[in-house]
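Here are the chains, one letter per residue:
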Amino acid sequence: MRQDYPAVEVLLQQPGLDQSLKAIGEKVLRQERLTPQDGLTLFEKGDIGYLGALANLVRERMHGDKTYFNRNFHIEPTNVCIFTCHFCSYSRLYKNREDGWELSIDQMLDIVKGYDNQPVTEVHIVGGVHPKMQLEFFVELIQKIRAHRPDLHIKGFTAVELDYMFRKAKVTIEEGMRILNEAGLQSMPGGGAEIFHPDVRAKICHDKVDADGWLAIHKAAHKQGMHTNATMLYGHVENFEHRIDHMERLRSLQDETGGFNTFIPLKFRNKGNDMSDIPETSVVEDLRLYAIARLYMDNFPHLKAYWPMLGRNTAQLTLSFGVNDLDGTIDDTTKIYSMAGAEEQNPSMNTAQLAMLIRQAGRRPVERDTVYNEIKDYTEVVFSDEELLLK
Ligand code: V47
Ligand code: SF4
């Protein structure tokens, strides 16, 4: 079905426009799927203005001006990890575990209790892979969180953590997902995907679950009726082909299961890790990537810019490059990006601040729950100076 988008149609008639880019623009207008070659062409030749116009068209066709956020906090059970991902600034090896942290179930429950009577809707649990924190431990944690606060949506564990947990417990992926789901786990975050291509994985994260293992875990979660997210860590040793290969594998699984909610590109940050010699991507390259992701991932309903990693200003810009979700209020409860050099050293915004950030970019802030049920539209809400200034 073709709809009218006069501004983009004028852009497509520009005399100097490359013919292959023009053909891709025509496809976007006709709502036709882009091929891997189209994706490569966009990376190689698409300028920021052209990509932004097309991605914004798709974003507005899908969501209008709505920009989602949620009220959440993170629990990071440990930063001790048996794996050695070279981009990771956060983890401490098991042999150096006295430099890291390990939370007990009671300590994690205390974090949850700290939010009693606060209108948060989600707890996001993610951390390192600690050999002593196994399936039983996390089943108990989830059951206790659920018993304490049944209305809180529990989103937890990357496929990397689950792969280890299930292997240690000697259960199949399907059994493991069922056990966690029955305990109260409702959805999964998208971490651990990095770049799927084996040549890149061999260089940056050779010892953790591979692409097929990551995809099998998400597929099992989808079969169980759970929704999950997917990430792509970009801007290090990968090339454009690797990025397209990554997005193609996710798009194919989504065709099969429909279980992914959100695609989240994660910009590689280079402080305090083994890959610090690699320069970070420019903001222009970040915006081009978000736009291409919106155009390529046509069956992903949402595209998220994770503001604690990008910083507030770039996150605001992404809203004109296909992004329709900024994640959550976070409440200063994650260390993954501050330790890797992100501008946000204490990531926390209250609802008023996050809503105003979205409004200043000319969009409508809508609070959502984890699975995108709309909770409240903040477009017309008047905030006091106190709310805007206070944490
Ligand atoms: O898998 C680690 C990334 C991920 C660095 O699903 C780094 O809603 C950049 O997946 N530079 C974990 N990135 C976090 C994650 C996530 C975050 C927010 C929301 C959701 C969601 C998922 O963090 C890891 C890895 O790709 N990461 N180190 C770094 N130096
Ligand atoms: Fe461990 Fe995750 Fe860091 Fe890799 S990215 S070393 S799996 S905490």
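Here the residue numbers are simple positions, counted from 1 along each chain's written sequence. Numbering of ligands from 1 and lettering of chains from A proceed in the order in which they are written. Selection of residues for local features in this predicted model requires a pLDDT of at least 70, selection of side-chain atom pairs for listing and counting requires 80 or more, and totals for whole chains, interfaces and linings are taken over all residues. The basis for every side-chain value is the complete set of heavy atoms in the structure, and neither hydrogens nor water enter the calculation.

Student: Quick question: what am I supposed to make of the site of ligand 2 here?
Tutor: By convention in this text, a residue qualifies as near a molecule or strand provided that one of its non-hydrogen atoms is within 4 Å of it. For ligand 2, the full set of nearby residues is C81, F83, C85, F87, C88, S91, G128, V160 and K208. Three classes are used, and their members are as follows: Ala, Val, Leu, Ile, Met, Phe, Trp, Tyr, Cys and Pro are nonpolar, Asp, Glu, Lys and Arg are charged, and the others, Gly among them, are polar. When the residues that make up the shell around ligand 2 are grouped by side-chain class, the tally is six nonpolar, two polar and one charged.

Student: Explanation requested: the sheet that holds strand β12 (residues 364-368) in the structure shown.
Tutor: Strand order in this open sheet of four strands is β11-β1-β12-β13, and the pairing throughout is mixed. Here the strands that pair on one side only, and so sit at the sheet edges, are β11 (325-328) and β13 (374-377). Taking each pair of neighbouring strands and ignoring which way they run, the sheet shows an average axis angle of 30°. Should any heavy atoms of two residues lie within 4.5 Å, those residues are counted as being in contact. The axes used here are C-alpha line fits, helices contributing only the stretch in contact, and every angle between their N-to-C directions lies in the interval 0 to 180 degrees. Note on conventions: DSSP H or I runs of at least 4 residues are helices, E runs of at least 2 residues are strands, and numbering of each starts at the N terminus. Sitting on the sheet, helix α15 (residues 351-360) touches β1 (66-70), β11 and β12, and the angle it makes with β11 is about 170°. Two strands are said to pair when DSSP picks up at least two bridges between them.

Student: Would you explain the site of ligand 1 in this entry?
Tutor: Contacts to ligand 1 come from 24 residues, most closely from K155, G190, G192, E194 and K304. Contacts described as polar in this section are N or O atom pairs within 3.5 Å, which, within protein, must combine one atom able to donate a hydrogen with one able to accept it, while residues neighboring in sequence count only if both atoms come from side chains. For ligand 1, a nitrogen atom lies 2.8 Å from a polar atom in the backbone of F87. Take K304: an N or O atom from its side chain is 2.8 Å from an oxygen atom of ligand 1. Computed with a 1.4 Å probe, the accessible areas rest on the Shrake-Rupley method; for each residue, only the protein chains presented here act as cover. Calculation on ligand 1 without its partners gives an accessible area of 620 Å², and the protein chains cover 96% of this total. Among the residues making up the shell around ligand 1, the classes are represented as ten nonpolar, eight polar and six charged.

Student: Honestly, the pattern of salt bridges in this entry has me stumped. Any pointers?
Tutor: Between side chains of opposite charge, a pair can form when the charged atoms approach closely. By definition here, a salt bridge exists when the distance from a side-chain nitrogen of Lys or Arg to a carboxyl oxygen of Asp or Glu is within 4 Å. Under the criterion given, the structure shown has 26 salt bridges. R243 serves as the salt-bridge partner of E238, at 2.9 Å between the closest nitrogen and oxygen. E238 sits in the buried class, given a relative accessible area of 8%. The buried label applies to any residue whose accessible area, calculated with a 1.4 Å probe on protein chains only, is under 20% of its type's maximum; exposed applies above 50%, and partly exposed to all values in between. Residue R243 is classed as buried on the basis of its relative accessible area of 5%. Residues joined in a network through salt bridges with shared partners are E238, R243, E285 and R288.

Student: I'm lost on the environment of A342 in this one. Help?
Tutor: Within the fold, A342 resides in the loop between β11 and α15. Residue classification places A342 among the buried residues on the basis of a relative accessible area of 2%.

Student: Help me out: how do you make sense of empty space enclosed by the protein in this one?
Tutor: Over the atoms rolls a probe the size of a water molecule, and its path tells where empty space is left. A cavity here means a set of 1 Å grid points, computed over protein atoms only, where a 1.4 Å probe fits but cannot escape. A pocket is an open set with protein on both sides within 12 Å along at least 5 of 7 lines, and lining residues have an atom within 4 Å of a point. Grid points are joined across faces, edges and corners, and a volume is the space filled by probe spheres set on the points. Summed over all chains, the structure comprises three cavities of 30 Å³ or more. Lining the second largest cavity are 14 residues, with K155, S187, N229, N261 and T370 positioned closest to its centre. The set of elements that each furnish at least two residues to the lining of the second largest cavity consists of β7 (187-188), β8 (227-234) and β9 (260-267). If you tally residues by element for the lining of the second largest cavity, the top one is β8, at three residues. Counted by class, the lining of the second largest cavity contains three nonpolar, seven polar and four charged residues.

Student: Honestly, the nonpolar core in this entry has me stumped. Any pointers?
Tutor: If you look at soluble globular proteins, the nonpolar side chains tend to sit buried side by side. For this analysis, a nonpolar core means a set of buried residues of the types Ala, Val, Leu, Ile, Met, Phe, Trp, Tyr and Cys, connected via side-chain atoms within 4.5 Å. Core analysis: the largest hydrophobic core is formed by 111 residues, its most contacted members being M247, L250, F263 and L326. Take this core: its biggest share by element is eight residues, from helix α12 (residues 283-296). Sequence-distant contacts of L326, that is, excluding residues within four places in its chain, are made with T67, Y68, K304, A305, W307, A315, T318, L319, L354, L357 and I358.

Student: Whenever I open this one, the packing of helix α8 (residues 173-183) against helix α10 (residues 211-223) confuses me. Can you help?
Tutor: A packed helix pair is summarised by two numbers, namely the angle formed by the two axes and the spacing between the axes. Viewed as axis vectors pointing N to C, α8 and α10 meet at an angle of 50°, and their least axial separation amounts to 9 Å. By the angle between their axes, α8 is oblique relative to α10. As α8 runs across α10, the sense of the crossing is right-handed. Of the residues in α10, those touching α8 at I173, E174 and M177 are A216, I217, A220 and A221. Under this scheme an angle from 65 to 115 degrees is roughly perpendicular, one under 35 degrees roughly parallel, and one over 145 degrees roughly antiparallel; angles in between are oblique. With the far helix as reference, a near helix turned anticlockwise by less than a right angle produces a left-handed crossing, and one turned clockwise produces a right-handed crossing.

Student: Even after reading the chapter, I still don't get the UniProt feature "domain: Radical SAM core" (unreviewed entry) in the chain, so can you show me in this structure?
Tutor: UniProt positions are given in the numbering used here, feature names are shortened, and annotations may be inferred rather than shown by experiment. The feature "domain: Radical SAM core" (unreviewed entry), as annotated in UniProt, sits at residues 67-301 in this numbering. Taken end to end, residues 67-301 comprises 41% helix and 16% strand; its first and last C-alpha atoms sit 13 Å apart.

Student: Explanation requested: the UniProt feature "binding site: [4Fe-4S] cluster" (unreviewed entry) in the chain in the structure shown.
Tutor: Under the UniProt annotation, "binding site: [4Fe-4S] cluster" (unreviewed entry) lies at C81, C85 and C88. Residue position: C81 is located in strand β3 (residues 80-81). The residues touching C81, leaving out its near neighbours within four places in the chain, are S91, R92, L93, Y94, G128 and V129. Among the secondary structure elements, C88 is positioned in the loop between β3 and β4 (92-93). Not counting residues up to four positions away in its chain, the partners in contact with C88 are G272 and N273.

Student: Mind showing me how you'd approach the pairing of β8 here?
Tutor: Strand residues, when the strand is regular, have side chains that alternate between the two faces of the sheet. Burial runs high along β8: seven of the eight residues are buried. Relative to β8, β7 runs parallel, the two sharing two bridges. Bridge pairing in β8 links S187 to H227. Bridge analysis of β8 against β9 gives seven bridges, and the strand direction is parallel. Looking across to β9, one finds that T231 is bridged to I264. Looking down the strands as they point away from you, a crossover is right-handed if its path from the first strand over the helix to the second goes clockwise. For the handedness criterion, the β-α-β arrangement of β8, helix α11 (residues 240-257) and β9 is classed as right-handed.

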